[in-house]
Amino acid sequence: MPAVTVVVITRDRCAELVRALGHLIELPEQPPLIVVDNGSTDATVRTVRSRFPSVDVVALGTNLAAAGRTIGVRRATTPYVAFADDDSWWAPGALPTAERLLDAHPRLAVIAARTLVGLDERPDAVGADMAVSPLGFEPGLPGPSILGFIACGAVVRRDAYLAVGGFSARFGVGGEETMLAWDLARAGWSLVYVDSVVAHHHPSPVRDVAARRRREVRNALWAAWLRRPLPVVARQTAAVARRALTDDVARGGLLDAVKGLLPVLADRRMLPPAVERRARLVERGSA
């Protein structure tokens with residue numbers, strides 16, 4: 001029996017979801033598939049149930065965004081879960097490879113895949129950075145250590161994911177992975193990039209790019225405010241404030257972050273020194 005379930009989140013992108021599920025259904029390893037629908041207003045739920053009867057569809061009736069993945073993870077019965085979006089899928093052989101590596105490394109919580117983007121299958125820039133992570137290789141692990149990942153190209157250990165709470169419902173979609181990666185690291189879990197585990201991502205044209213960038217600005221600030229020391233918080237906030245003088249997206253993200261400040265700060269827990277040092281290494285490596 002497969003040990004990896006694929007959890008897909010979607011909202012109002014029925015045609016693209018059908019294409020992605022077509023690829024996932026054809027995988028030779030035949031993983032269990034769970035689609036979590038974030039309150040679609042189109043025919044998504046009805047179409048998937050009709051065309052893919054083996055797929056477990058969870059119709060939420062509301063938009064939980066990235067936190068919808070947690071609903072799928074709770075529903076899964078396998079020890080590992082691979083995430084996909086409605087515009088992404090996994091390559092044949094990727095999930096069994098991830099399964100073997102997770103079996104062999106009991107403290108490994110996340111495997112970040114090599115993600116190939118678009119029809120020309122160009123390597124995703126974030127994955128290229130992870131391949132040369134400044135954190136280097138921890139002894140015995142199957143790839144370079146990382147402190148972040150792309151959700152639609154990640155396989156997670158179910159118990160570890162649920163133990164730290166999964167994706168925050170506050171963050172939506174756009175840079176939501178950072179907080180989860182930090183919280184897994186603070187709990188003692190390892191995260192690695194593995195080049196031989198491959199995902200495909202054909203970014204949907206049905207998206208509000210400016211709104212997503214605005215959320216990414218907000219989420220980066222919230223992550224810093226929630227987990228980083230005050231000097232780092234001050235430095236990163238000042239950097240966004242300077243950008244906001246001439247950049248509408250940065251200005252909107254800063255305003256959104258400030259508006260949601262009080263409920264967010266209730267969850268402030270600084271990273272332990274060892275994880276904070278690693279976070280600074282990653283920042284210097286991407287500067």
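Below: a short report on this structure. Model, not experiment: these values are computed from the prediction. (Residues numbered from 1 in each chain as written. Predicted model: local features only at pLDDT ≥ 70, side-chain atom pairs only at ≥ 80, totals over all residues. Heavy atoms only, no water.)

### Details of the overall build of the protein
Reasoning step 1: Counting secondary structure elements, the protein contains 12 helices and nine strands.
Reasoning step 2: Here the protein has a C-alpha radius of gyration of 18 Å; the compact-globule value for 287 residues is 19 Å, and the two agree.
Reasoning step 3: With the C-alpha coordinates aligned to their principal axes, the bounding extent of the protein is approximately 50 × 45 × 35 Å.
Reasoning step 4: Within the protein, contacts between residues at least 6 apart in sequence are counted, and of these 79% link residues at least 24 apart.
Reasoning step 5: About 12800 Å² of surface is accessible on the protein, with carbon and sulfur atoms providing 57% of the total.
Reasoning step 6: Counting 36 positive and 30 negative side-chain charges, the protein places the averaged centre of each group 7 Å from the other. (Helix = DSSP H or I, 4+ residues; strand = E, 2+ residues; numbered from the N terminus. Rg over C-alpha atoms; globule rule 2.2 N^0.38 Å. Contact = heavy atoms within 4.5 Å. Areas by Shrake-Rupley, 256 points an atom, 1.4 Å probe, with all protein chains shown as cover. Lys, Arg positive; Asp, Glu negative; His and termini not counted. Charge placed at Lys NZ, Arg CZ, Asp CG, Glu CD.)

### Points about the nonpolar core
Reasoning step 1: Ranked by internal contacts, the top residues of the largest apolar core, which has 51 residues, are F83, V110, F149, F167, L184 and L191.
Reasoning step 2: By size, the runner-up hydrophobic cluster in this structure holds 37 residues, among which are A3, V4, V8 and V194. (Core = buried A, V, L, I, M, F, W, Y, C linked by side-chain atoms within 4.5 Å. Buried < 20%, exposed > 50% of the residue type's maximum accessible area, 1.4 Å probe, protein only.)

### Looking at the layout of surface pockets
Reasoning step 1: Considered as a void within the structure, the second largest pocket measures approximately 220 Å³ in volume.
Reasoning step 2: Lining the second largest pocket are 15 residues, and of these Q30, P31, P32, L33 and S54 lie nearest its centre.
Reasoning step 3: Where the lining of the second largest pocket is concerned, the elements lending two or more residues are α1 (14-25) and β2 (33-37).
Reasoning step 4: Tallied by class, the residues present in the lining of the second largest pocket amount to eight nonpolar, five polar and two charged. (1 Å grid on protein atoms, 1.4 Å probe; cavity = no way out; pocket = protein on both sides within 12 Å on 5 of 7 lines; lining within 4 Å. Points joined across faces, edges and corners; volume = space filled by probe spheres on them. Nonpolar A, V, L, I, M, F, W, Y, C, P; charged D, E, K, R; others polar.)

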